[in-house]
Amino acid sequence: MTLVEKLAFYEWAYGHLAEADSDAGPLGEFVVLLSRLGWRTAGYGLRARRSEKAPWDLVIDDETIEVKTTFKPKPTPRGKPRWRWTVGEERDSLEGRGPLADKWIFLKADFPGTAGKRRFFDVFDSRWWTAWAVSGKSVRDSGVKAWIGESTLQRMGAEEWRVDFPPHRSAAAKLSLRLAFFTWAYGDVHAAFNSGRFAEWRVMCLIGRRTLRRATWADWDVDSVHGLRLEVKYGSEIVRYANGTEAIRFKIPIRGGERKSDAFVFVSGRAFDEFRLVPTSDLSANRSYVTSAKLDALGFPALTAEELIRAESMLRKPEARELQEHHRGSEARRAHVPVLQQRPAERR
C-alpha cells in the first residue's frame, strides 16, 4: 500500500484528526511526544504503539506524564468560549487510590472553524495549540473530581508549556507525520487490531459506495454499488481437523435476533485478497460461525478482487436473482465465481 492509501484507510476508519473529541486523547499525547522528543522519534516513526493499559499516558526521560486535550470550548451564557478538560477517568489517582503521574499537561487545540464544510488543515501547527503544565501533586491537592477549567489551572499556578513541532514543511513530510500518528495511536494497517476495519475498507473500495467515514453503529458494514447490504467478516482463526486438513473460521454474530444484511463478504488471506460473497439466506440461522470448508462445500469458493466485482454485479438484489447451487462444471471451477440463474422474466 502507498502512503496515501494508508492515510485514506485510517481517516475512513477513525476520522480526520480534528473531527471529534474521541480523537483528542491520542492526538494530544502525540503532540507532547513531538514537542519533547522531536526527531528523536526516529523521523516521526514511533516504534511502540500507544498503550491503553498504562496508569499514565507517557513516560519521557523517566518522567511520567498525564495528557489532557480538548478541541471544543464549552459555550457560556455570555457567548465567550470556556475551555475545560475532563479528569474523571483519573479519579482513583486523584483520590489517592492509584498511581499519580509526575506531571500533567493540559492541551487546548483552537483549530480554524470549518463552517459546516469538510476542511483539511495541518493539525501539527503550533499556531493552533496552547498548553499548560502542572505537577500531579498540585492537581490532586486542588480537589477536582470531574473537570478542570482555565481558571482552576491559574489558581494551581500552572505554567505555560511550549508546543513546538519539528519542521515538516514539505507535503511528503506532512503526510508522513499524519501516518506516523495513526500508526502509533491505532496500530499498523494489517495488525489484528485493525483487521476487521481494513477488511471492510477493502470491500468498500472494490464493490461498495464510497463514504468519508466508517458507519460505526450501522446494522451492516457496506452498501454495494448495486444496492446490496453487505456484512464483512475477516477470518484469521485456523481450524485443524483430525484428517490433517485446515479451514478458516469466520464469526457471524446475529444482531437483534436477525441478520439484516443481504449478503456476507468473508475476507481472508494475509494480504486481504481472498473473498467469498454469500447471501445471508444461505447461512444457517442458528450458527454463530462458518468455516471456509463449509463455504466451499456450499459452492462459495474464494474469489479474487476481480471475481468479487463480477459476482456482486451478477447478484444485485437478492429478490431479483437467486444463487444457484454449486455448479460442478469445469468452467465454473476454473473461474471460481458462483453461477447465478436468471428468472424467466428477466431473460432478454
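Each remark here, short or long, concerns the structure printed above.
Residues numbered from 1 in each chain as written. Predicted model: local features only at pLDDT ≥ 70, side-chain atom pairs only at ≥ 80, totals over all residues. Heavy atoms only, no water.

Novice: In this structure, what is going on with the overall build of the protein? I would like to understand it.
Specialist: Regarding its fold elements, the protein presents 10 helices and 16 strands. For the protein, with 348 residues in total, the buried portion stands at 43%. For the protein, the exposed surface amounts to about 19,200 Å²; the carbon and sulfur share of it is 48%. (Helix = DSSP H or I, 4+ residues; strand = E, 2+ residues; numbered from the N terminus. Buried < 20%, exposed > 50% of the residue type's maximum accessible area, 1.4 Å probe, protein only. Areas by Shrake-Rupley, 256 points an atom, 1.4 Å probe, with all protein chains shown as cover.)

Novice: Mind showing me how you'd approach the packing of helix α1 (residues 3-14) against helix α6 (residues 171-186) here?
Specialist: Geometrically, a packed helix pair is captured by the angle between its two axes and the distance between the axes. α6 packs onto α1 with a crossing angle of 50° between their chain directions and a minimal axis gap of 10 Å. In terms of orientation, α1 lies oblique with respect to α6. When you trace α1 past α6, the crossing you get is left-handed. Contact with α1, carried on its side by L3, V4, K6, L7, Y10, E11 and Y14, involves L175, S176, R178, L179, F182, T183 and Y186 of α6 and no other residues of that element. Residue classes in the contact of α1 with α6 are distributed as nine nonpolar, two polar and three charged. (Axes fitted to C-alpha atoms, helices over the stretch in contact; angles between N-to-C directions. Parallel < 35°, antiparallel > 145°, perpendicular 65-115°, else oblique. Left-handed = near helix turned anticlockwise from the far one by under 90°. Contact = heavy atoms within 4.5 Å. Nonpolar A, V, L, I, M, F, W, Y, C, P; charged D, E, K, R; others polar.)

Novice: Explain the sheet that holds strand β11 (residues 246-251) here, please?
Specialist: In a beta sheet, neighbouring strands are held together by backbone hydrogen bonds and run either parallel or antiparallel to one another. Strand order across the open sheet formed by three strands is β10-β11-β14, with antiparallel pairing between neighbours. Only two strands of the sheet have a single partner each, and these edge strands are β10 (237-240) and β14 (289-291). Along the sheet, successive strands turn relative to each other by an average axial angle of 35°, direction set aside. (Pairing = 2+ DSSP bridges.)

Novice: Just to check I follow, could you spell out the pattern of salt bridges for this structure?
Specialist: Throughout the structure, instances matching the rule amount to 20 salt bridges. Ionic pairing is found between D125 and R127, a salt bridge with its closest N-O pair at 2.8 Å. A relative accessible area of 63% means that R127 is categorised as exposed. In this structure, R214 and E200 form a salt bridge, with 2.8 Å as the shortest nitrogen-oxygen distance. Pair noted here: R214 is in the loop between α7 (195-207) and β8 (222-223) and E200 is in helix α7, with a separation of 14 residues, a long-range link. Three or more residues joined by partner-sharing salt bridges are found here, namely R91, D92, E95, R97 and K145. (Salt bridge = Lys/Arg side-chain N within 4 Å of Asp/Glu carboxyl O.)

Novice: Please clarify how the pairing of β10 should be interpreted in this entry.
Specialist: Put simply, side chains in a regular strand alternate between the two faces of the sheet. Alignment of β10 against β11, held across four bridges, turns out to be antiparallel. In the strand pairing of β11, I238 is matched with I248. Counting the residues between successive antiparallel strands, the hairpin from β10 to β11 contains five residues, one of them, G244, with a positive phi of roughly 95°.

Novice: How do you make sense of the side chain of S268 when you look at a structure like this?
Specialist: Tracing the backbone shows S268 in strand β12 (residues 263-268). The class of S268 is buried, set by a relative accessible area of 0%. Leaving out residues up to four positions away in the same chain, S268 has contacts with Y234, G235, I248, F250, D273, E274 and R276.

Novice: Help me understand the sheet that holds strand β13 (residues 274-279) in this model?
Specialist: Pairing in this open sheet of four strands is mixed, and the strands run β8-β9-β12-β13 from one edge to the other. Two strands close off the open sheet at either side, each with one partner strand: β8 and β13. As paired elements, strand β9 (residues 229-234) and β12 share five bridges and run parallel to each other. Opposite Y234, over in β12, you have V267 as the bridge partner. Contacts from α7 reach β8, β9, β12 and β13 within the one sheet, and its direction differs from that of β9 by about 135°. Sheet strands touched by helix α9 (residues 305-315): β12 and β13. Its angle to β13, the strand with the most contacts, is close to 15°.

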